[in-house]
Amino acid sequence: MQNKIPYSKPSLTIEEQIKQLKRRGMVFKDEGRAVDVLKRIQYTRLRPYWHPFELDRNTHSFQDGTTFEQVLLLYEFDRKLRLLILEAIERFEIVLRTQWAYHLAVMHEPFGYHQRNFLYKNLDYHQKNIERLREEWERLREEDPIFQNFQEKYEESLPPVWLACEVMAFGTLSRWFSNLGDDRVSQAIAALFDLPHSYLKGATRHLVAVRNYAAHHARVWDRVFSVNTLPVLRKRPPELRRSLEPNQHAQKIYRTLTLLMYLMPRLVPESDWGTRIKELLSEQAPLLGRMGFPEDYQSRPVWK
């Protein structure tokens, strides 16, 4: 185990931050603008965006000609990418909520989702999911007149499934869906997405993780998703499988974006999301390899 040392890096003023970057070889076309930027976007947040331009990760020296403006363009690219990802995952999340509530209501009645334990693979997880749902219901029921009306009018301590799905956080919904043991329900939900139900469960966990990064303004463009990665797609649908294979860079954003490219026409047929994501990617074409994009990605079925 490595011996730890005291943290000794000094605090730097914005002017000192700029001087440090200049010593390492970064070029500033407009230092006044750089000062304004660093007042609004702190040095630590920007730092990962100049890593691709470093010659040496130990000395942090930059490639010749690296400019602060290049770093800002990459930062802005990542911001736009996060917004497009959030837009697509929002569409997916709402459809998943709808399908989960509908099929459970039809097959197992309004309150069967939490009363009938044979629905679930792991009863310990099921109990934890109920407790988490109860916490979310207690927290939100006073904030919405529909929830208030149910609480005042009916004796049940938890709402019917079509209200439960509206108070669940996306992560909570993912855990309920993943723990479903009734394959009839899982398959009915997955049918709308034209995906195997086992794959969809793993994909949902992955999209929750990606959504959390994007929603908290964290870097996504070249991030390695080491937890809740997308599962391997074994057979169908063939156009998605061919677009994801070979299984290189399995933990990079390319695979996430490929899944979203596949899903969006099924979620919102009239959406131009695919066109907009392609236009954005063209802005940073030289760096797509760092995102896990294969050189021939534009010839793959989902990206054509």
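Residues numbered from 1 in each chain as written. Predicted model: local features only at pLDDT ≥ 70, side-chain atom pairs only at ≥ 80, totals over all residues. Heavy atoms only, no water.

Caption draft 1: Region of the structure containing the pattern of salt bridges. A complete count under the given rule lists 15 salt bridges for this structure. Residues Lys22 and Glu31 are paired through a salt bridge, measuring 2.6 Å at the closest nitrogen-oxygen approach. Relative accessible area serves as the criterion here: at 36%, Glu31 is assigned to the partly exposed category. Put simply, Arg57 and Glu54 hold a salt bridge, and the shortest N to O gap is 3.2 Å. When salt bridges that share partners are traced, they join Glu87, Asp272 and Arg276 into one network. (Salt bridge = Lys/Arg side-chain N within 4 Å of Asp/Glu carboxyl O. Buried < 20%, exposed > 50% of the residue type's maximum accessible area, 1.4 Å probe, protein only.)

Caption draft 2: Quick look at the environment of Phe177. Counting through the fold element by element, Phe177 comes out in helix α9 (residues 170–178). For Phe177, a relative accessible area of 0% corresponds to the buried category. When neighbours within four sequence positions are excluded, Phe177 is seen to be in contact with Leu96, Trp100, Ser186, Ile189, Leu200, Lys201 and Thr204. (Helix = DSSP H or I, 4+ residues; strand = E, 2+ residues; numbered from the N terminus. Contact = heavy atoms within 4.5 Å.)

Caption draft 3: Just empty space enclosed by the protein, in detail. Under the criterion given, the structure shown has two cavities of 30 Å³ or more. There is about 30 Å³ of room inside the second largest cavity. If you trace the second largest cavity, you find it lined by His206, Phe225, Leu230, Ala250, Gln251, Lys252, Arg255 and Thr256. Taken together, the residues of the lining of the second largest cavity sort by class into three nonpolar, three polar and two charged. (1 Å grid on protein atoms, 1.4 Å probe; cavity = no way out; pocket = protein on both sides within 12 Å on 5 of 7 lines; lining within 4 Å. Points joined across faces, edges and corners; volume = space filled by probe spheres on them. Nonpolar A, V, L, I, M, F, W, Y, C, P; charged D, E, K, R; others polar.)

Caption draft 4: Here's a closer look at the layout of surface pockets. Considering only enclosed or pocket space, the largest pocket measures out at about 430 Å³ in volume. Lys9, Leu12, Gln20, Tyr43 and Arg47 are, among the 17 residues lining the largest pocket, the residues nearest its centre. Every element with two or more residues in the lining of the largest pocket is listed here: α1 (14–23) and α3 (43–50). For the lining of the largest pocket, the element with the most residues is α3, which contributes four residues. Volume-wise, the second largest pocket comes out at about 180 Å³. Contributing to the lining of the second largest pocket are Tyr125, Lys128, Asn129, Arg132, Gly171, Ser174, Arg175, Ser178, Asn179, Arg205, Val208 and Asn228. Of all the elements in the fold, those that place two or more residues in the lining of the second largest pocket are α6 (123–140), α9 and α11 (197–215). Taken together, the residues of the lining of the second largest pocket sort by class into two nonpolar, six polar and four charged.

Caption draft 5: Structural context of the packing of aromatic side chains. Following the criterion strictly, the structure yields 19 aromatic pairs and no others. Pairing Phe28 with Phe68 gives two aromatic rings, centres 5.1 Å apart and planes at 25°, and the pair type is stacked. Here Phe68 lies in helix α4 (residues 68–108) and Phe28 lies in the loop between α1 and α2 (31–40), a separation of 40 residues in the sequence. Each of the two residues, Phe28 as well as Phe68, counts as buried. An aromatic cluster is built from Trp100, Tyr113, Tyr120 and Trp176, whose rings are joined through pairwise contacts. (Phe/Tyr/Trp six-rings, centres within 6.5 Å; stacked < 30°, edge-to-face > 60°.)

Caption draft 6: Local environment of the packing of α4 against helix α10 (residues 183–191). Where α4 contacts α10, the two axes come as close as 9 Å, and the packing angle between them is 140°. The handedness of the crossing between α4 and α10 is right-handed. Across the interface between the two elements, Leu96, Gln99, Trp100, His103, Leu104, Met107 and His108 of α4 pack against Arg184, Val185, Ala188 and Ile189 of α10. Grouping the constituent residues of the contact of α4 with α10 by class yields seven nonpolar, three polar and one charged. (Axes fitted to C-alpha atoms, helices over the stretch in contact; angles between N-to-C directions. Left-handed = near helix turned anticlockwise from the far one by under 90°.)

Caption draft 7: Molecular detail of unusual backbone geometry. Looking along the chain, the bond that leaves Arg236 and enters Pro237 is cis, with omega of -5°. With respect to the element layout, Pro237 can be found in the loop between α11 and α12 (238–244). You will see that His60, though not glycine, has its phi angle at about 65°, which is positive. The topology assignment puts His60 in the loop between β1 (54–56) and β2 (61–62). Of note, the phi angle at His217 is positive, near 65°, even though the residue is not glycine. As for its position among the elements, His217 is in the loop between α11 and α12.

Caption draft 8: Representation of helix α14 (residues 273–282). Within the span of α14, buried status applies to Trp273, Gly274, Ile277, Leu280 and Leu281. Along the axis of α14, the buried positions cluster into a sector of 125°, meaning they face one direction only. With respect to the buried face of α14, the exposed residues turned more than 90 degrees away are Glu279 and Ser282. Buried residues along α14 sit against α4 and α13 (253–267). (Arc of directions from axis to C-beta.)

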